[in-house]
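Close look at the chain arrangement
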Amino acid sequence: MAAHGAGAGGRVTITEIARRAGVSVPTVSRVVNGRSDVSPGTRARVEDLLRRHGYRKRPTTPPSRAALLDLVFNDLDSPWAVEIIRGVEEAAHAAGVGAVVSAIHGRSGDAREWMRNLRARASAGVVLVTSTLEPVLLEELRILGVPLVLVDPAGSPALDVPTIGAANWSGGMAATAHLLSLGHRRIGMIAGPPRLLCSRARLDGYRAALENAGVPADDSLVVPGDFRPESGFAGCNTLLDLPDPPTAVFAAGDRMALGAIEALRGRGLRVPDHISVVGFDDLPEVRWSAPPLTTVRQPLADMGRLAARTVLRLTRGEQPDSPRVELGTELVVRASTAAPALPD
């Protein structure tokens, strides 16, 4: 048995129900799920609060008739998100399920508002992309019986939550190895947010490629970014200001790579004549950039499709073939990389 809230009376969280009843959240979960290990007085008090706040048994709808999947991002300001949405929508449409897209902007208030809306619309499952939820909200999803799948998770996900990602370590290694094969030895990296596993894996792949080639790592060549073009622009300028600047730059996201190219252009430097640039993602627009961008392709739409299919399997009571899935990445060589320029 699972519960969901409806109407104005359902606008409190399970945690608030527990607080008002003077019990723990797991105790509320036991009552909701019909467990016998709760005293009669506690059960009556919790059930009364659940009724008063609009919680009721979630209907057991067959997955083919499940109304909605929730797709939740931290932000929706990137073509990267559009590719994930496309994959989720295709899989949901094929299953006769709608998709609701939300952004929580890293704010607890937005996440709580999303949770209230989810309870009201009784979504069948959730795909959470590069975002985190407070433990109390994750616990509420469990109590509500709403399955969750993470795409490119932030932090270390719980062992019982399936994750979908790309082969970020090998992608970072391939990008760096490509630059090394061209003769570059001073290779800068504009890294992604360290809270994301994908960012850390790409950075580790970069370092592994340097180590394999016998090139000493230089921490000054790694600068922080946040996947936005502005951070690529700023990060590239930081690298160019070094006493011994790099001859190539690996940006952990295509949009940062485009920002880096703009920074180089602003200093009168040409790509790849003066500095080579590699990105990561293979967003649709980078093949039309000037010059067309060498990048690592990750199958974003496929990741979205697989995440939606995995959630739908969970709604049927089935388990995924593997709780941790990494889809392959591929280096796509275009015109933004070349051998280092000869000294004047």
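Our structure's up above, just so we're on the same page.
Just so you know, these numbers come straight off a predicted model, no measurement behind them.

1. Examining unusual backbone geometry
- The linkage connecting Val 271 with the following residue, Pro 272, adopts the cis geometry, with an omega of 5°.
- Along the chain, Pro 272 turns up in the loop between helix H10 (254-266) and strand E11 (276-281).
- The omega torsion of the bond from Ala 290 to Pro 291 falls at 0°, within 30 degrees of zero and hence cis.
- Tracing the backbone shows Pro 291 in the loop between E11 and strand E12 (294-297).
- At Asp 281, a position not held by glycine, the phi torsion is positive, near 140°.
- By the secondary structure assignment, Asp 281 is in strand E11.
- Residue Asp 282 is not a glycine yet carries a positive backbone phi of 60°.
- Taking the relative accessible area as the measure of exposure, Asp 282 reaches 10% and is therefore buried.

2. As for the layout of surface pockets
- Taken as a whole, the second largest pocket spans an internal volume of roughly 420 Å³.
- A class-by-class count of the residues in the lining of the second largest pocket yields eight nonpolar, five polar and 10 charged.

Procedures and definitions
- Residues numbered from 1 in each chain as written.
- Predicted model: local features only at pLDDT ≥ 70, side-chain atom pairs only at ≥ 80, totals over all residues.
- Heavy atoms only, no water.
- Helix = DSSP H or I, 4+ residues; strand = E, 2+ residues; numbered from the N terminus.
- Buried < 20%, exposed > 50% of the residue type's maximum accessible area, 1.4 Å probe, protein only.
- 1 Å grid on protein atoms, 1.4 Å probe; cavity = no way out; pocket = protein on both sides within 12 Å on 5 of 7 lines; lining within 4 Å.
- Points joined across faces, edges and corners; volume = space filled by probe spheres on them.
- Nonpolar A, V, L, I, M, F, W, Y, C, P; charged D, E, K, R; others polar.

Read these as geometric descriptors, not functional statements.
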